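Secondary and tertiary structure notes
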Amino acid sequence: MDSNPIHVSVNSEIGKLQHVLVHTPGAELENMTPENAHSFLYSDILNMQVAQKEYSYFKRVLQKVTCVHEIGDLLTDILTNDKIKAILVDRICKAENVAYLSNYLKDLEPAELSRQLIEGVYFKDISYINNEKFTLQPLANLFFMRDASFTMFDDLMISNMASNVRARECIILDAIYTYHPMFDAQVVNPAVKYATNTIGTVEGGDVQIIRDDIIISGMGARTNMHGINALVDHLKTKPGVKHLIFQELPLQPDSFIHLDMVFTMLDVDRCMAFKPVIQNCQYKTFHITIDGQKAYGEDEHDLISALNKLNVPVEPIFCGGEKDSYHGPREQWHSGCNFFCFAPGKFLGYGRNQHTIQAINDAGFSVVTAADVVNNKVNLEKINKCVVAFEGNELSRGGGGARCMTMPVQRMAVDWQGA
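Residues numbered from 1 in each chain as written. Predicted model: local features only at pLDDT ≥ 70, side-chain atom pairs only at ≥ 80, totals over all residues. Heavy atoms only, no water.

For any two helices packed against each other, the geometry is given by the interaxial angle and the distance between the axes. Contact pair helix 2 (residues 71-79) / helix 7 (residues 167-179): the axes reach a minimum separation of 10 Å and the direction vectors enclose 65°. Once helix 2 is placed against helix 7, the crossing between them reads as left-handed. Here helix 2 contributes Ile 71, Leu 74, Leu 75 and Ile 78 to the contact with helix 7, which in turn contributes Ile 172, Leu 173, Ala 175, Ile 176 and Tyr 179. (Axes fitted to C-alpha atoms, helices over the stretch in contact; angles between N-to-C directions. Helix = DSSP H or I, 4+ residues; strand = E, 2+ residues; numbered from the N terminus. Left-handed = near helix turned anticlockwise from the far one by under 90°. Contact = heavy atoms within 4.5 Å.)

Structure below.
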């Protein structure tokens with residue numbers, strides 16, 4: 001177990017990445033069937049071997065540019081402590097109403113317990129007869145690391161999910177962040193701490209840190225107004241004036257579940273946007289200024305103009321390009337807006353979204369493939385601005401992209417003055 005703590009610090013979406021958490025998808029994907037996929041929030045089932053092959057290139061690119069930590073390994077680390085193991089097992093068993101599993105789980109070795117908490121617990125493992133195959137369902141969404149938690153400045157934030165099927169992810173991440181010596185941070189579940197009516201929801205895919213004084217959030221199917229208010233209350237505890245801009249999202253289709261499915265930052269002055277949502281007055285954009293214990297708000301024309309007013313002169317590149325109106329919706333469906341920066345102007349995304357990639361190239365960014373980076377044909381240090389395109393024909397069917405699959409916990413500061 002790593003005894004050198006990471007000073008958690010994320011003050012932007014684009015700062016040079018120093019530490020990131022990931023989860024390589026595993027057998028939990030194949031523990032779904034067409035009959036139960038919808039209950040796991042999937043519209044399709046994924047092939048594990050193909051997904052893992054695609055993911056390996058994504059992860060190996062990250063390993064070229066930053067320190068990468070597997071969440072399963074961190075979970076195994078904390079489970080070596082019997083007291084922590086008991087606390088976590090009891091919390092999960094209570095939350096999922098499976099108290100009869102407690103002794104069985106506590107008797108498992110740390111690595112095996114970690115595996116079963118992620119991949120699911122079979123009834124046959126405990127000689128329990130029921131029509132269901134699993135008594136603890138597999139965490140088929142865990143590789144979308146950004147949903148269940150997010151980093152806000154120097155705090156590790158636990159999401160309050162809109163669906164109970166993902167509650168165990170939050171419990172596990174809460175335990176890792178709280179007990180693993182690698183993390184030096186306050187752990188906060190804002191919707192639980194501040195939204196005392198218990199109906200507040202906040203998911204990490206909706207929350208983006210633009211600058212050390214600007215946060216943006218989606219409000220839609222996964223993050224509600226009670227969750228937004230909880231974020232405001234949390235920001236009241238931080239020094240200086242803060243700005244929270246929330247963007248209303250369509251409730252349908254499922255590809256609009258989070259803000260990062262329609263907007264992500266690419267550089268100090270560039271973003272990726274899905275124009276029919278981000279520049280459409282049908283969907284409300286509201287700016288809340290937090291100054292100490294005071295908070296006041298105003299309507300904005302759209303998200304990009306609101307950022308411009310706060311001296312973030314960001315110019316959009318539109319998902320699908322602008323040559324054919326059909327390209328944008330088709331590519332947005334497969335996470336065409338969902339990019340992840342590992343440095344200002346350098347980011348990862350699905351290569352399958354060819355019209356979006358072309359629009360990025362037309363805007364002055366080089367296009368390189370993950371395979372060329374992994375095979376040392378391209379040195380990312382020698383490229384000024386680029387998109388690293390990796391295959392995601394299988395991964396994208398899960399409903400998320402590069403940003404969804406990462407949980408950054410430390411980034412370097414961005415020189416906004418020199419931008």
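One pair of aromatic rings is described through two measures. These are the centre distance and the angle between the planes. The final tally for this structure, using the stated rule, is 10 aromatic pairs. Each ring, one from Phe 58 and one from Phe 390, has its centre 5.0 Å from the other, and the planes form 35°; the classification is tilted. With Phe 58 in helix 1 (residues 48-65) and Phe 390 in strand 21 (residues 386-390), the pair connects residues that are 332 residues apart, well separated along the chain. In this pair, the class of Phe 58 matches that of Phe 390, namely buried. Between Tyr 177 and Phe 183, the ring centres sit 5.3 Å apart and the planes meet at 75°, which makes this aromatic pair edge-to-face. Counting every residue linked through ring pairs, the aromatic cluster contains Tyr 55, Phe 58, Tyr 350 and Phe 390. Residue placement shows Lys 242 over the ring face of Phe 153; its charged tip is 4.8 Å from the ring centre. When the ring centre of Phe 286 is taken as origin, the NZ or CZ atom of Lys 284, which lies over that ring, is 4.9 Å away. (Phe/Tyr/Trp six-rings, centres within 6.5 Å; stacked < 30°, edge-to-face > 60°. Buried < 20%, exposed > 50% of the residue type's maximum accessible area, 1.4 Å probe, protein only. Lys NZ or Arg CZ within 6 Å of the ring centre and 35° of its normal.)

Strand order in this open sheet of three strands is 3-2-22, and the pairing throughout is mixed. At either end of the open sheet lies a strand with only one pairing partner, and these are strand 3 (67-70) and strand 22 (407-411). When strand polarity is set aside, the average angle formed by the axes of neighbouring strands in this sheet is 20°. In this structure, strand 2 (residues 17-22) lies alongside strand 3, joined through four bridges in parallel fashion. Bridge assignment links His 19 to a residue of strand 3, and that residue is Cys 67. Running over the sheet, helix 2 touches strand 2 and strand 3 and is turned about 60° from strand 3. (Pairing = 2+ DSSP bridges.)

So, about the sheet that holds strand 14 (residues 270-273). Taken in spatial order, the three strands line up as 13-14-17 in an open sheet, and their pairing is mixed. With partners counted over all chains shown, the strands left at the sheet margins are strand 13 (263-267) and strand 17 (315-318), one partner each. Put simply, the sheet's adjacent strands are angled 35° from each other on average, direction ignored. As defined by bridge partners, strand 13 adjoins strand 14 across four bridges and the pair is classed as antiparallel. When the bridges of strand 14 are listed, Thr 264 appears paired with Met 272.

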